[in-house]
Amino acid sequence: MTTQMSTSTTTPDARSTAPGLLHLRAAGVSLVLDTSGDRLPRVVHWGADLGDVPASELEALGATSVPPVASGTTDEPVQLSLLPEQSVGWLGTPGVTGHRDGADFSTAFAVTDVEVAHGIDRDGAPVAHRVVVRAHDEAARLGLVLELELLVDGLVRTRAEVTNLGGAVFTVSGVDVTLPVPREADEILDFTGRHLRERSPQRHAFVAGTHLRESRRARSHDGTLLLTAGRRGFGYRSGEVWGVHVAWSGNTRTFAEQAMPQGVRVLGAGELLLAGEVRLAEGESYASPWVYGSYGDGLDELSHRFHAYLRSRPQHPRTPRKSLINVWEAVYFDHDLERLKALADAAAAAGIERYVLDDGWFRGRRDDTAGLGDWTVDADVWPDGLHPLADHVTGLGLELGLWFEPEMVNPDSDLARAHPEWILQTGNRLPPEARHQQVLDLAHPGAWDHVFGQIDAILTEYPIGYVKWDHNRDLIEAGHTASGAAGVHAQTLATYRLLDALRAAHPGVEFESCSGGGGRADLGILERTERIWASDCIDALERQTIEAGTGLLVPPEMLGSHIGSPVSHTTGRRHELSFRGATAFFGHLGIEWDLTSATDDERAEVARWVEAYQEHRLLLHHGRTVRADDPDPALRVHGVVARDAREAIFAVVQVATGVWAPPGRVRLPGLDPAATYEVRPLPPGDEVVPGHGEALPPWWTRGTRLSGRALAVAGLQAPNQFPERTVLLHLTAL
Ligand code: DGJ
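### A look at the overall build of the protein chain
Within the protein chain, the regular secondary structure consists of 13 helices and 38 strands. Relative to the 2.2 N^0.38 estimate, which gives 27 Å for 734 residues, the radius of gyration of the protein chain is 27 Å and therefore close to what a compact globule would have. With respect to the principal axes defined by its C-alpha atoms, the protein chain has extents near 80 × 70 × 45 Å. Across the 734 residues in the protein chain, those meeting the buried criterion constitute 59%. Counting only contacts in the protein chain whose residues sit at least 6 apart along the sequence, the fraction spanning at least 24 positions is 70%. Per element, the accessible surface of the protein chain, about 26,200 Å² overall, is 51% carbon and sulfur. When the 67 basic and 99 acidic side-chain charges of the protein chain are each reduced to a single mean position, those positions are 4 Å apart.

Have a look at this one:
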């Protein structure tokens, strides 16, 4: 085995002097990797920074992490590697599962080469440390490349590539990488949900066995974006917590496992492969998606690492995030030029900067039963094409956006009639329809070319600056017609290729990832899109939870959040505009409401929200999201603090009636303890109507001055609000 230290730029915090032991450090995180011997590397520590550890201590750390032999187990201590193997006695989930016609079902990789680099840029993103381990298993005739990177903001990511080195086809059933968490991580927090109610948190004890979250529908309203485990009771601001995320937009597996009898705990993830989906001929490889791991003292810190990583990428949107109007809930399929122009007028008058024409503009699309797959403008509804609308919208100074659902097809479409063989299916039967649609097999070159060609033509003909890319059904029994083989893996790669090709052909266009709301919000899709639509539910109360969960991974500037109608279309709840506005304000703001039906007062108030968003979006989209661990379940306190902590905006959200009133002192965390802040209500989020059950604390009208420390540990009295209302506070350091 050889170890190469390729050091492009050696960072001062890189220590790798003890033989085989690598101490990787970045932004308060240490990861100690034991690469000694010829077995796959073991993570000795992943978590809080260990400081500057001398070589002798590093060696001692490695040595003292080796467990004793337990009764009833193998005679050698079982050591868990990044890609666990039965061949060292690990009896939890193995890293590589697969077989060659029934044989070679278990691996024993021998490391041939370890390459270490520090302070480099990969794909434009800064990487503090990168370790590449090459190995092969002679008996199973498999090669392996295992990568682990610690990014500059303390996020770790790892993935594995398996190659069939010879002989018959090797069927890969799964490649799952794991990261160990300590015994102290005894509580799991992950997320579930459904269409219209994404990211519902669930907490439970970390007990023996495997808590496995699978998504086998190629999207995940119900799947977990993040699976975390931490010290019991961990919150946003404190409590050690570790979490993993798999950057893949197809089927996924994410798990927390306590393997017995040793009780070792791991977080693991990978792609969920369907039977026979990946079959490697000699020389072929399968690369797993990146699995990201984040550590924090509290969820805020864990989340900041994801935000910082996303913001460090070259493709991250850097210009001010345009406020938009999306016409979906205003008109649905009822496309009428004059009505759509009137909406544009109302949006422009409110200061909106982008106009998104949603579903319903293309051939045959009068409702959701027909048309998907025929991406040409419907000549009956749009006799002059989209030009009259495009001219009107751009004439008002707004950018035009357009909706597509590129991966889908309605059986009632010219495309399906011409090419039934391009529909993913198996067993000579079509999958059950969902929303009257099927999934197009984009891995079929003809299908891919068709979709690329039609979308490319529309983007070329019209002045479109924004695409909303939707995906409204699960992939069920998704096989290729020609081979009969499962096709979700290939479909996911083909979707990425399609997006990449369209982006390359139209570099100025922004893309939004929507999947019936927040069904596709992973880092795989976010590598090639600028925004996700968090949910089809715009109800501001529901959004408090949906966005808190989604926002752990997705920073506010990428998280679409709209001001909906006074009565929510999906819950029937009525909310004041102040609550709807103060909710949308913290994401990438949009309007999704028939503004032509709004009163003059409402339109004026919308304009005030848009103006406030435009005034503060630099702070909102570059600062750190903070969430207080408020003891009152009726209250949520969250905000954004500028990176230099000179400014902040907080929301005090009354999500329900409190058991007591007034709510009492709320703490505002994440500020500079040494700075003194001027605290004032922020219009238009300052609307409280005293005398109607609402009441203001005495400090409110004149504002106050308090230190960051006092605000974090003592807090200040909040107004007594009606339920489902929010007030905003603006803090500026003096
Ligand atoms: C589902 C999306 O989430 C909605 O916003 C809208 O675009 C519809 N699809 C259109 O069919």
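### What about the site of the ligand?
Inspection of the region around the ligand gives 13 residues, with D358, D359, K468, D470 and D536 positioned closest. Side-chain polar atom of D358 to an oxygen atom of the ligand: 2.6 Å apart, as the coordinates give it. In this structure, an oxygen atom belonging to the ligand sits 3.1 Å away from a side-chain N or O atom of W403. For the ligand, whose unbound accessible area comes to 300 Å², protein coverage reaches 98%. Of the residues contributing to the shell around the ligand, the split by class is four nonpolar, three polar and six charged.

### Details of the packing of aromatic side chains
Each pair of aromatic rings is reported with the distance of its centres and the angle of its planes. Summed over the entire model, instances satisfying the criterion amount to 17 aromatic pairs. Both rings, one in F362 and one in W375, keep their centres 4.4 Å apart while their planes meet at 50 degrees; by these two values the pair is tilted. One end of the pair, F362, is in the loop between β22 (354-357) and α5 (387-395); the other, W375, is in the loop between β22 and α5, and 13 residues separate them in sequence. Note on F362: relative accessible area 0%, which makes it buried. Judged by relative accessible area, which is 0%, W375 ranks as buried. Residues F585 and W609 carry aromatic rings whose centres are separated by 5.8 Å and whose planes lie at 65 degrees to one another, so their mutual orientation is edge-to-face.

### Side note on the pattern of salt bridges
Taken as a whole, this structure holds 55 salt bridges when the rule is applied. E510 serves as the salt-bridge partner of R354, at 3.5 Å between the closest nitrogen and oxygen. Placement of the pair is R354 in strand β22 and E510 in strand β27 (residues 510-513), with a sequence separation of 156 residues. One exposure class covers both R354 and E510, and it is buried. Among the salt bridges present, the one from E477 reaches R429, with a minimum N-O distance of 2.7 Å. Separated by 48 residues along the polypeptide, E477 in the loop between β26 (464-469) and α8 (488-505) and R429 in the loop between α6 (414-418) and β25 (438-439) bring together distant segments of the chain. Residue classification places E477 among the partly exposed residues on the basis of a relative accessible area of 34%. In the salt-bridge network here, residues are joined through shared partners; they are R122, D123, R130, E147, E149, R157 and R159.

### Some details on the nonpolar core
W46, Y355, W361 and F585 are the most contacted members of the largest nonpolar core, which has 175 residues in total. Non-local contacts of F585, meaning those with residues more than four positions away in its chain, are made with W609, A612, Y613, H616, L620, I649, L682 and L728. If you look at the next biggest cluster of nonpolar residues, it comprises 25 residues, including V679, V688, W700 and A733.

### Focus on the sheet that holds strand β32 (residues 635-641)
Spatially, β31-β32-β33-β38-β35-β36 is the arrangement adopted by the six strands of the open sheet, whose pairing is antiparallel. Looking at which strands have only one partner, the edges of the open sheet turn out to be β31 (624-627) and β36 (704-707). Between one strand axis and the next, the sheet turns by 25 degrees as a mean value, whatever way the strands run. Pairing analysis gives four bridges linking β31 to β32, with the strands arranged antiparallel. The residue bridging T625 from the neighbouring strand is V640, located in β32. Of the strands in this sheet, β31, β32, β33 (647-654) and β38 (725-733) are in contact with helix α12 (residues 600-622), which crosses β33 at around 115 degrees.

### Examining the confidence of the model for the protein chain
Per-residue confidence for the protein chain averages 96 on the pLDDT scale, and 98% of its residues sit at or above 70. In the model, residues 5-15 has pLDDT below 50 throughout and makes 31 contacts with residues more than four positions away in sequence or in other chains.

### Some details on unusual backbone geometry
Here the residue pair M260 and P261 is connected by a cis peptide bond, since its omega of 10 degrees sits within 30 degrees of zero. Its location among the elements puts P261 in the loop between β16 (252-259) and β17 (264-271). The step from A661 to P662 runs through a cis peptide bond, and the omega angle for that step is 0 degrees. Mapped onto the fold, P662 is located in the loop between β33 and β34 (665-666).

### Brief notes about the environment of G235
With respect to the helices, strands and loops of the structure, G235 is situated in the loop between β14 (227-230) and β15 (240-246). Separated by 393 residues in the primary sequence, G235 and A628 place their C-alpha atoms 8.5 Å from one another.

### Describing the sheet that holds β26
Read around the closed barrel, the eight strands follow the order β21-β22-β23-β26-β27-β28-β29-β30; overall the barrel is parallel. Averaged over all pairs of adjacent strands, the angle between their axes in this sheet comes to 30 degrees, without regard to strand direction. Packing against the sheet, helix α10 (residues 540-550) makes contact with β28 (531-533) and β29 (559-563), and its axis sits at approximately 165 degrees to β29. Along the sheet, α12 contacts β29 and β30 (588-591); its crossing angle with β30, the most-contacted strand, is approximately 165 degrees.

### Things to note about the packing of helix α7 (residues 445-461) against α8
Running from N to C, α7 and α8 point in directions that differ by 30 degrees, and their axes come no closer than 11 Å. The angle between α7 and α8 places the two elements in the roughly parallel class. When you trace α7 past α8, the crossing you get is right-handed. Each of W448, V451, F452, I455, D456 and L459 in α7 lies in contact with α8, whose residues at this interface are A494, R497, L498, A501, L502 and A505. Each residue belonging to the contact of α7 with α8 can be placed in one class, and the counts come to ten nonpolar, no polar and two charged.

### Topic: the side chain of H638
Relative to the helices and strands, H638 resides in strand β32. Here H638 falls in the buried class, since its relative accessible area comes to 7%.

### Some words on the pairing of strand β23 (residues 399-404)
Most of β23 is tucked away: six of the six residues are buried. Where burial is concerned, the two faces of β23 agree: the one with E399, G401 and W403 and the one with L400, L402 and F404 are both buried. As paired elements, β22 and β23 share four bridges and run parallel to each other. What sits directly across from V356, in β23, is G401. At this point the chain moves from β22, through α5, to the parallel β23, and the crossover so formed is right-handed. Bridge analysis of β23 against β26 gives five bridges, and the strand direction is parallel. Note that in β26 the partner of L402 across the bridge is V467.

What counts, and at which threshold
- Residue numbers run consecutively from 1 along every chain, following the written order of its sequence.
- With pLDDT at 70 or above as the cut-off, local features in this predicted model cover only qualifying residues; side-chain atom pairs require 80 or more to be listed or tallied, and sums for whole chains, interfaces and linings still use all residues.
- In computing side-chain values, all of the structure's heavy atoms are included and hydrogens and water are not.
- The helix and strand labels rest on DSSP assignments: H or I over at least four residues marks a helix, E over at least two residues marks a strand, and numbering proceeds from the N terminus.
- Restricting the calculation to C-alpha atoms gives the radius of gyration, and the globule rule supplies 2.2 Å times the number of residues raised to the power 0.38.
- Summary of the burial criterion: residues with accessible area below 20% of their type's maximum are buried, those above 50% are exposed, and those between are partly exposed, where the area comes from a 1.4 Å probe applied to protein chains only.
- By definition in these notes, contact holds between two residues if any of their heavy atoms fall within 4.5 Å.
- In these tables, accessible area is a Shrake-Rupley quantity obtained with a 1.4 Å probe, and a residue counts as shielded only by the protein chains included in the view.
- Counted as positive: Lys and Arg. Counted as negative: Asp and Glu, with His and the chain ends omitted from the count.
- Where a charge lies is defined by one atom per residue type, namely NZ (Lys), CZ (Arg), CG (Asp) and CD (Glu).
- Think of it this way: one heavy atom of a residue within 4 Å of a molecule or strand is enough to make that residue near it.
- The definition of a polar contact used here is a pair of N or O atoms within 3.5 Å, where within protein one atom must be able to donate a hydrogen and the other to accept one, and adjacent residues in sequence count solely through side-chain atom pairs.
- For this classification, Asp, Glu, Lys and Arg are treated as charged, while Ala, Val, Leu, Ile, Met, Phe, Trp, Tyr, Cys and Pro are nonpolar and the rest, including Gly, are polar.
- Working definition: a ring pair exists when centres of Phe, Tyr or Trp rings (six-membered ring for Trp) sit within 6.5 Å. Plane angles under 30 degrees give stacked, over 60 give edge-to-face, the rest tilted.
- The salt bridge definition used is simple: a Lys or Arg side-chain nitrogen within 4 Å of an Asp or Glu carboxyl oxygen.
- As used in this record, nonpolar core signifies buried Ala, Val, Leu, Ile, Met, Phe, Trp, Tyr and Cys residues forming a set joined through side-chain atoms within 4.5 Å.
- By the convention used here, strands pair only if DSSP detects at least 2 bridges between them.
- Inter-axis angles, ranging from 0 to 180 degrees, are taken between N-to-C directions of lines fitted to C-alpha atoms, where helices are fitted over the stretch in contact.
- pLDDT gives the predictor's per-residue confidence on a scale running from 0 to 100.
- Note on terminology: angles under 35 degrees are roughly parallel, angles over 145 are roughly antiparallel, angles of 65 to 115 are roughly perpendicular, and the others are oblique.
- The crossing is said to be left-handed when, going from far helix to near helix, the turn is anticlockwise and less than a right angle, and right-handed when the turn is clockwise.
- Orienting the strands away from the viewer, one traces the path from the first strand over the helix to the second; a clockwise path indicates a right-handed crossover.

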